[in-house]
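Each chain, letter by letter, is given below.
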Amino acid sequence: MELSEALGLIRPVPDFPIPGVLFQDIAPLLANPKAYQVITSEFGNSRSPFNLVAGVESRGFILASAIALDSEVGFIPIRKAGKLPGSVIKREYGLEYGSDALEMHSDAFIGVKDPTVLLVDDVLATGGTLIAALELIHDLNGNIGEIVVLLEIADLGGRERISAAFPGIELRALVTI
């Protein structure tokens, strides 16, 4: 299966989760094992070396854990507030339709020499979620190898916000809408 064919399985859902938002449903892509493998392989072919893969809850988990397994590196979950046990660090952020917070285990990089992270999420919109994730990784003295997303909604300016907050970090989107 070609990359374009796999990406064609993403289904737009209007007015979800609230009116005016066009949700990008990756469930049809994930349900097709060949499409899923094409996408995770493409993400794993990072332009920068990495020794950890971090995924942003929740759809980023699905992609990042498969990439980590294929790449034989560790997986770091970045979760919504209150979902991780033990000691965590937290960052609040804004969404295109509200606000939220992300957390990461405070010991996520223990035992990893020079932690360099491939950061994975499904959609880049305003950039708030990914900036919060980048701040969490930075707070723990981790390095970012690259950010990869399935879809970028260009009109919402997320790429520009990330570039302003974290200059020089490579960001790759498989589809820009």
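Because the structure is a prediction, the values reported are computed rather than measured.

Another point: helix α3 (residues 33-44). Taking 1.5 Å of rise per residue, the 12 residues of α3 would be expected to cover 16 Å, and the 16 Å separating its terminal C-alpha atoms lies within 8% of that figure. Residues A35, V38, I39, T40 and F43 constitute the buried set of α3.

This part takes up the environment of I137. Mapped onto the secondary structure, I137 falls in helix α5 (residues 128-139). In this structure, the C-alpha to C-alpha distance between I137 and I78, residues 59 residues apart in sequence, is 9.4 Å.

Our next topic: the packing of α3 against helix α4 (residues 59-71). Pairs of packed helices are described in terms of their axes, by the angle between the two and the distance that separates them. Between α3 and α4, whose axes approach to 9 Å, the crossing angle comes to 70°. When the axis of α3 is compared with that of α4, the two are roughly perpendicular. The element α3 and its partner α4 pack so that their crossing is right-handed. Residues Y36, I39, T40, F43 and G44 of α3 form the contact with α4, whose participating residues are I62, L63, A66, I67 and D70.

Calculation criteria
- Residues numbered from 1 in each chain as written.
- Predicted model: local features only at pLDDT ≥ 70, side-chain atom pairs only at ≥ 80, totals over all residues.
- Heavy atoms only, no water.
- Helix = DSSP H or I, 4+ residues; strand = E, 2+ residues; numbered from the N terminus.
- Expected span 1.5 Å × (residues − 1).
- Buried < 20%, exposed > 50% of the residue type's maximum accessible area, 1.4 Å probe, protein only.
- Axes fitted to C-alpha atoms, helices over the stretch in contact; angles between N-to-C directions.
- Parallel < 35°, antiparallel > 145°, perpendicular 65-115°, else oblique.
- Left-handed = near helix turned anticlockwise from the far one by under 90°.
- Contact = heavy atoms within 4.5 Å.

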